[in-house]
Amino acid sequence: MCFFSPNRDGIIAIVNRGGVTVMIIDALVDSTANFLEKVNPIFDAGGRERKHIKSALGEPDITFTFTWDTSPATLWATNSRLLQFQTARISSGDITIQSTASQETFWNEKYTAKYSLEFPPLVYVPLAPPASQQDDAARAYSAFLKTFPEYQTTWIIDTLRRTDFARLDRVGETYVDYMGGSQLPESLVRVHGDFLTQSVMGNTHSVSSRQVYSKLSTRCADEARDAILSFFRAPSGYTVIFTANATGALKLVGEAFPFTEDSCYVLGTDSHNSVHGIRQYASRRGAQVHYIPSMSTGGFVPSTAKEILRHHKSKSNNLFALTGQSNISNAKNPLSILDYASSLGYYTLLDAAALAPTSVISLSETPVDAMAVSFYKMFGYPTGVGALVVKESFLQQLERPWFAGGTVDIVQVPGPIITRTARLHEQFEDGTINYLTLPAVTDGLRFLSAYLPFLPLRLSCLLHFLTTSILRLRHDSTGTPVVKILSKLPSRRLRSVGEQADTGSIISLVFLSPSGQMMPNSFIEYVAVSQSISLRTGCMCNPGGAAALLGIESDMDRLYPGVTLKDFEAAVGRELGVVRISLGLASTFQDVWKVIRFVATIANDGSRQSLWDSWMNIPIGQAV
Ligand SMILES: Cc1ncc(COP(=O)(O)O)c(C=O)c1O
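Residues numbered from 1 in each chain as written. Predicted model: local features only at pLDDT ≥ 70, side-chain atom pairs only at ≥ 80, totals over all residues.

**Structural notes on the site of the ligand**
In the neighbourhood of the ligand, the contacting residues comprise Asn245, Ala246, Thr247, His272, Ser274, Thr323, Asn327, Asp351, Ala353, Ala354 and Ser374. Grouping the amino acids of the shell around the ligand by side-chain chemistry returns 3 nonpolar, 7 polar and 1 charged. (Near = placed C-beta within 6 Å. Nonpolar A, V, L, I, M, F, W, Y, C, P; charged D, E, K, R; others polar.)

**A few points about helix 4 (residues 156–163)**
Within helix 4, 6 of the 8 residues are buried, which leaves the element mostly enclosed by the surrounding structure. Considered for burial, the residues of helix 4 that qualify are Ile156, Ile157, Asp158, Thr159, Leu160 and Arg161. (Buried ≥ 20, exposed ≤ 12 C-beta atoms within 10 Å, placed from the backbone. Helix = DSSP H or I, 4+ residues; strand = E, 2+ residues; numbered from the N terminus.)

**Considering the sheet that holds strand 21 (residues 578–582)**
An order of 17-18-21-20 is seen for the 4 strands of this open sheet, with the pairing classed as antiparallel. Two strands close off the open sheet at either side, each with one partner strand: strand 17 (483–485) and strand 20 (536–538). Going across the sheet, the axis of each strand differs from the next one's by a mean of 35°, ignoring polarity. Where strand 17 meets strand 18 (residues 506–511), 3 bridges bridge the pair, whose relative direction is antiparallel. Note that in strand 18 the partner of Val483 across the bridge is Phe511. (Pairing = 2+ DSSP bridges. Axes fitted to C-alpha atoms, helices over the stretch in contact; angles between N-to-C directions.)

**A few points about unusual backbone geometry**
In this structure, Pro382 follows Tyr381 across a cis peptide bond, with omega equal to 0°. The residue after Val413, namely Pro414, is reached through a cis peptide bond having omega -10°. Examined against the element boundaries, Pro414 turns out to sit in the loop between strand 15 (408–411) and strand 16 (418–420). The phi dihedral of Cys541 falls on the positive side, at around 60°, and the residue is not glycine. Tracing the backbone shows Cys541 in the loop between strand 20 and helix 18 (543–550).

Okay, structure coming up:
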């Protein structure tokens, strides 16, 4: 298989050679004309390859013609603006790719037989570790590559890290809180900033003599809707409602779902509070709420879920909310359970906030009634925009509890009459949508389309290495383990680009003292901050998942109205919460290596004790 995938301003050629996927070129281009000026130095290990590509492209026999196309794609990785490869021939001593195929045949698997390829040697240029750790890190990196050679097929992300995420290394931050929010690619902000400063955008609701301004905003909003539908491979019949975040999308469903005394709401214990919150709407209307228990490492047993769905299905309007991936336990629930719930007559809601950033979601394969996402979790920018991707037929079942500007065509004042606006999605978008940011959503999806295929493999390598390394670390005084990983570990290691993982790339863990006691998370946070590591501690707004990991589900019965977290911790006799390390879009070996060094600091008696002493000396109430 061979395909070319454009991002906003780049080209990636990916070739599958005997089962090994090789990324050949990542060139940042604005147009054919300045292609040569903008060759991204992916092969910058001494400049040889870079020069090679440049000079090859300068040769007169090279035809490099392309046009952008806005039709939706059918191929993974390229589902927004497609590169239409009419004639493409990029050659050098090492690389020859020829195509005279039209777009259709180019994408066609049958095309495999038509191209001729010679491959460059695999050149991998690691990011330089800090001088103090150079030897250690370099040795660890070579050992890592020996164990995980497939990591090299994801080197495009290292290029990305050197360009779009260079600031992380510039400021020396090890960012491992991708589940909290992805880091943003700089080019996305630049392109968006340029667009805003060169455009005049008006309120999408405005009708004025200069309608052109609001028309541009409306066009950008429509483009973003199309890009979202295309990204999630939504078949016809779906629409997009813009919200402030995934929570806003979940709330839209909760508040408008026609719960009755004959309904039920079924959800997993290992869910985000924004999914639990829907139970308030259900209970207020007299519906039953039923929980699917969590396994000790999160998620649920599918057969138990099926049994609960079957057993509790009520007479009318039943809703099943599924957490695609838990934000604390790392468990992915099988999406096929949605089909099952649907076959029983449930309406289905997928919380994909944690799933979407690193997993392929196809609404054609999983035609859920509604799905909630936040875009900052997927590509870091912009914040303040999420979406409910939803079947129009489902929207027609919902009963909005109110109306607002933008959602109505006419309102009788005073009086009870309202007519809602004709466009279904507008009936659910209260007030003015965040129209200035929507071009960045379109571009962000384009950007992620290009890199998403590589993420599961890359994160699988990094996660395996990280977990095995920290589990192996021992306290130097007692030889006892330093960490206990509580979250779900993947059942298998991925081997090639295109495979999907059965978990996310989160590790939730607790740190153990030499005597085996859990160390305070606030101390761990202090040590992390002192080493410029961004991670997160606590329950991550997922109390059921946290309780399952910590083995304190039965203590939930001890809660009473007005109880605080402090009260609960006192009653249970332990700190409630975990340390969460989450990898994502721009994660590299160096990040993982820094985390391992950080755990090693705690394993070392001397360094841990001195950090402990300084932590104990921080005045109470002073933030880390
Ligand atoms: C699984 C899950 N659902 C929902 C949310 C809520 O997302 P947001 O805060 O963007 O609304 C999160 C946030 O972390 C999450 O991880």
